[in-house]
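Examination of the molecular architecture
Listed here are the chains, written in short residue letters.
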Amino acid sequence: MTGLELAAWSFPVLLLLIFIRVPIGLAMLLCGLGGAWAIYGSYVPIFNQLKQVTYSTFSNYSLSVIPLFLLMGQFAALGGLSQALFKAAEAWIGHRKGGVAMAAVGACAGFGAICGSSLATAATMGQVALPELKRAGYAGGISTATLAAGGTLGILIPPSVVLVIYAILTEQNIAKLFLAAFVPGILAALGYMIVIAIYARVKPQDVGSMPPMPMKERWAATAKVWPVMLIFVAVVGGIYTGLFTPTEGAAIGAFGTGLAAWMGGGLNRRTLLGAILGTAVATGMIFMIVLGAGLYNTFLALSQLPQETAQMVAASGFNPWLVLVAILVLYVILGCFMDSLSMILLTIPVFFPIVTVLDFGLTPEEFAIWFGILVLIVVEVGLITPPVGMNLFVINSMAKDTPITQTYRAVMPFVASDLVRTAILVAFPGITLFVLRL
């Protein structure tokens, strides 16, 4: 069997292992080692490869940003910043029809600015907003669907762990990717709010509201979110201006959120230990996936599959836009079965060489950034796409009285909003890139 045939067969084997609930990092590691063994015909080079890939992967300085961003999210949750964001948004728009749900989306966007994980954003905001939505008279389906969709803003609003991984894989500037994600992130939040407004008109019985708050209380609630704004400006602004590196920015962000949590009374010796342990567990899981993907992609490189596929697509004469749309559709399908980080690590080494040989009228750097944001958006769609959208299960596990089928039905308008936004950003790359061109 040739290397190309081995690589082609490895994909269904990998999906089978994932289907029988083998952890995806381990599944990719096994496929990578097994495929390389078949190509070499000996186990000796495999152990050398395991040693080299492990060292080269984990000695990458850029990866150190991941545990720091995760720790920042842990501290932010302890400091009550998620609750402060929600209360501030609710104070201004909670009295409108659908306003509490819109406030939840706005709070998710704000929390995403200090937490680089979608699942963490969904879980944290779910604890804060679900009781308020229920108290305001919202039906279970729209409540869970809103928070599942809002949680996806955690990986789109900078800083984003997935964008960091993409930048490392494609050797792009992390600061520029963060900057390019701003406008798509804002469009995502606005799109979700529009969906809620339409839903409130179509099904007013499923949507409630809160009594209006006095202006003095509104400003008092708004004043409590100043730590979030200060940390966000310091981290993202410092990274973009070159004042410090992304890793240094993440360290400053972790220190700032830790200080805010301590001043708010949420951080003590016991909760600090819990935050560090939670960060360590999440980092270990991510790094295991990174290692498995590294070994699997090394096997794919040995098989020449990415190179051969790129040459075949370039010689086929296919319309570049058709190839791009096909790749994005495949991401949406994969999102029904895999988490976002695994998809990025598994597919970018294969797809990126394919799309870089096509002509979209952009410079190589502009294209890499634009493609990265598009991939991030469709990966985000996968997090809320039935039947296995991970955010749906995270939120639904907190709402025991809401059947998952109600969440499935209510989330589909949010998925439609994401698809419309993706189509707009595909058709008009300048929307993503104009901030970089200023």
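Thresholds applied
- Per chain, the residues get numbers from 1 upward, laid out in the order the sequence is written.
- Reporting of local features is limited, given that this is a predicted model, to residues whose pLDDT is at least 70; pairs of side-chain atoms are given and counted only at 80 or more, and all residues count toward the totals for whole chains, interfaces and linings.
- Calculation of side-chain values draws on the structure's entire complement of heavy atoms; hydrogens and water are dropped beforehand.
- Helix and strand assignments come from DSSP, with helices taken as H or I runs of at least 4 residues and strands as E runs of at least 2, each series counted from the N terminus.
- The atom set for the radius of gyration is the C-alpha atoms, and the globule formula is 2.2 Å times the number of residues raised to the power 0.38.
- Using a 1.4 Å probe on the protein chains alone, a residue whose accessible area is under 20% of its type maximum counts as buried, one over 50% counts as exposed, and one in between counts as partly exposed.
- By the convention used here, residues are in contact when the closest approach between their heavy atoms is within 4.5 Å.
- Note on areas: these come from Shrake-Rupley sampling with a 1.4 Å probe, and a residue is covered only by the protein chains present in the view.
- Only four residue types enter the tally: Lys and Arg on the positive side, Asp and Glu on the negative side, with His and both chain ends excluded.
- For the purpose of locating charges, the reference atoms are NZ of Lys, CZ of Arg, CG of Asp and CD of Glu.
- A helix is expected to span 1.5 Å multiplied by its residue count minus one.
- What the bend at a residue measures is the angle between two axes, fitted to the seven residues ending there and to the seven starting there.
- Ring pairs are drawn from Phe, Tyr and Trp, using the six-membered ring of Trp, whenever the two centres fall within 6.5 Å, and their geometry is named by plane angle: stacked under 30 degrees, edge-to-face over 60, tilted for the rest.
- The term nonpolar core refers to a set of buried residues drawn from Ala, Val, Leu, Ile, Met, Phe, Trp, Tyr and Cys, joined through side-chain atoms within 4.5 Å.
- Here a cavity denotes a set of grid points, spaced 1 Å apart and computed over the protein atoms alone, in which a 1.4 Å probe fits but from which it cannot get out, and a pocket denotes an open set meeting protein on both sides within 12 Å along at least five of seven lines; residues with an atom within 4 Å of a point are reported as lining.
- Grid points are joined across faces, edges and corners, and a volume is the space filled by probe spheres set on the points.
- Residues with no salt bridge and a relative accessible area higher than 30% make up the patches, which join like charges within 9 Å and nonpolar side chains (Val, Leu, Ile, Met, Phe, Trp, Tyr) within 5 Å.
- We count a salt bridge whenever a side-chain nitrogen from Lys or Arg sits within 4 Å of a carboxyl oxygen from Asp or Glu.
- Think of the arc as the fan of directions from the helix axis to the C-beta atoms.
- To obtain an axis, a line is fitted to C-alpha atoms, over the contacting stretch when the element is a helix, and the angle between two such axes runs from 0 to 180 degrees between their N-to-C directions.
- We call two directions roughly parallel when the angle between them is under 35 degrees, roughly antiparallel when it is over 145, roughly perpendicular when it lies between 65 and 115, and oblique otherwise.
- Crossing chirality is assigned from the near helix's rotation relative to the far helix, an anticlockwise turn below a right angle marking it left-handed and a clockwise turn marking it right-handed.
- Note that Gly is not counted as nonpolar here; it falls among the polar residues with everything else outside the nonpolar set of Ala, Val, Leu, Ile, Met, Phe, Trp, Tyr, Cys and Pro and the charged set of Asp, Glu, Lys and Arg.

Re the overall build of the protein chain
Broken down by element type, the protein chain carries 23 helices and zero strands. By the compact-globule yardstick of 22 Å for 438 residues, the protein chain fits well, its C-alpha radius of gyration being 22 Å. Counting over 438 residues, the protein chain shows a buried share of 55%. Contacts spanning at least 24 positions in sequence make up 80% of the contacts within the protein chain whose residues lie at least 6 apart. Counting every atom, the protein chain has about 18,900 Å² of accessible surface; 71% of that belongs to carbon and sulfur. Averaging the coordinates of the 19 positive side-chain charges in the protein chain and doing the same for the 15 negative ones gives two points 16 Å apart.

Let's talk about helix H22 (residues 404-427)
Between its terminal C-alpha atoms H22 stretches 34 Å, which fits the 34 Å expected from 24 residues at 1.5 Å a residue. For H22, the principal kink sits at Val411 and spans about 35°; a proline, Pro413, occurs within the next four residues.

Observations concerning the packing of aromatic side chains
If you walk through the whole model with that rule in mind, you get 15 aromatic pairs. Summarising the aromatic geometry, the rings of Phe360 and Phe367 are spaced 5.2 Å apart at their centres and angled 15° between planes, so their arrangement reads as stacked. Ring geometry for Phe360 versus Trp370: centroids 5.8 Å apart, planes at 65°, classification edge-to-face. With a gap of ten residues between them, Phe360 in the loop between helix H19 (340-356) and helix H20 (364-382) and Trp370 in helix H20 connect regions that are remote in the sequence. The class of Trp370 is buried, set by a relative accessible area of 0%.

Section: unusual backbone geometry
At Glu171, a residue that is not glycine, the phi angle is positive and equals roughly 60°. Take Glu171: it is sitting in the loop between helix H10 (161-170) and helix H11 (174-180). Taking relative accessible area as the criterion, Glu171 reaches 72% and is therefore assigned exposed.

Some words on the nonpolar core
Counting 150 residues, the largest nonpolar core has Ile66, Phe86, Leu153, Tyr331, Phe371, Ile384 and Phe414 as its most contacted members. Contact partners of Phe371, with chain neighbours within four places excluded, come to Tyr166, Leu324, Ile327, Ile348, Phe352 and Val355. Listed in part, the seven residues of the second largest apolar core include Leu29, Ile46, Leu291 and Leu295.

Focus: the layout of surface pockets
Reported here for the largest pocket is a volume of approximately 1,300 Å³. Put simply, the parts of the chain that give the lining of the largest pocket at least two residues each are helix H1 (3-19), helix H4 (65-78), helix H5 (81-93), helix H7 (118-135), H10, helix H16 (269-303), H19 and helix H21 (390-396). A total of seven residues in the lining of the largest pocket trace back to one element, the largest contributor, which is H7.

A look at a nonpolar patch on the surface
Where nonpolar side chains cluster on the molecular surface, the patch consists of Trp37, Tyr43, Val44 and Phe47 and spans about 460 Å² of accessible area. For Trp37, the location among the structural elements is in helix H2 (residues 24-40). When its relative accessible area of 46% is taken as the criterion, Trp37 is described as partly exposed.

Details of the environment of Ala197
Tracing the backbone shows Ala197 in helix H12 (residues 182-202). Here Ala197 falls in the partly exposed class, since its relative accessible area comes to 29%. With 100 residues separating them in the primary sequence, Ala197 and Lys97 have C-alpha atoms 7.6 Å apart.

A word on helix H14 (residues 226-241)
For H14, built from 16 residues, the straight-helix expectation of 22 Å at 1.5 Å per residue is met to within 8% by its first-to-last C-alpha distance of 21 Å. Turning to H14, its buried residues are Pro227, Val228, Ile231, Phe232, Val235, Val236, Gly238 and Ile239. For H14, the angular spread of the buried residues around the axis is 160°, confining them to a single face. Along H14, exposed side chains directed more than 90 degrees from the buried face belong to Trp226, Leu230, Val233 and Thr241. Looking at the buried residues of H14, the elements they touch are H4, H5, helix H6 (99-112), H11, H12 and helix H15 (246-263). Looking one or two residues beyond H14, the residue adopting positive phi is Gly242, at roughly 85°.

Observations regarding the packing of H5 against H7
Running from N to C, H5 and H7 cross one another at 40°; their axes reach a closest spacing of 9 Å. Looking at the two axes, H5 sits oblique to H7. Every pair of crossing elements has a handedness; the one defined by H5 and H7 is right-handed. Judged by residue contacts, Ser82, Gln83, Phe86, Lys87 and Glu90 of H5 engage Thr124, Met125, Val128, Ala129 and Glu132 from H7. The residue inventory of the contact of H5 with H7, partitioned by class, reads four nonpolar, three polar and three charged.

Brief notes about the packing of H20 against H22
Relative to each other, H20 and H22 sit at 170°, their axes nearing to 10 Å. Taken together, H20 and H22 sit at an angle that is classed as roughly antiparallel. Contact with H20, carried on its side by Trp370, Leu374, Ile377, Val378, Glu380 and Val381, involves Val415, Asp418, Leu419, Arg421, Thr422, Leu425 and Val426 of H22 and no other residues of that element. For the contact of H20 with H22, the per-class residue count stands at nine nonpolar, one polar and three charged.

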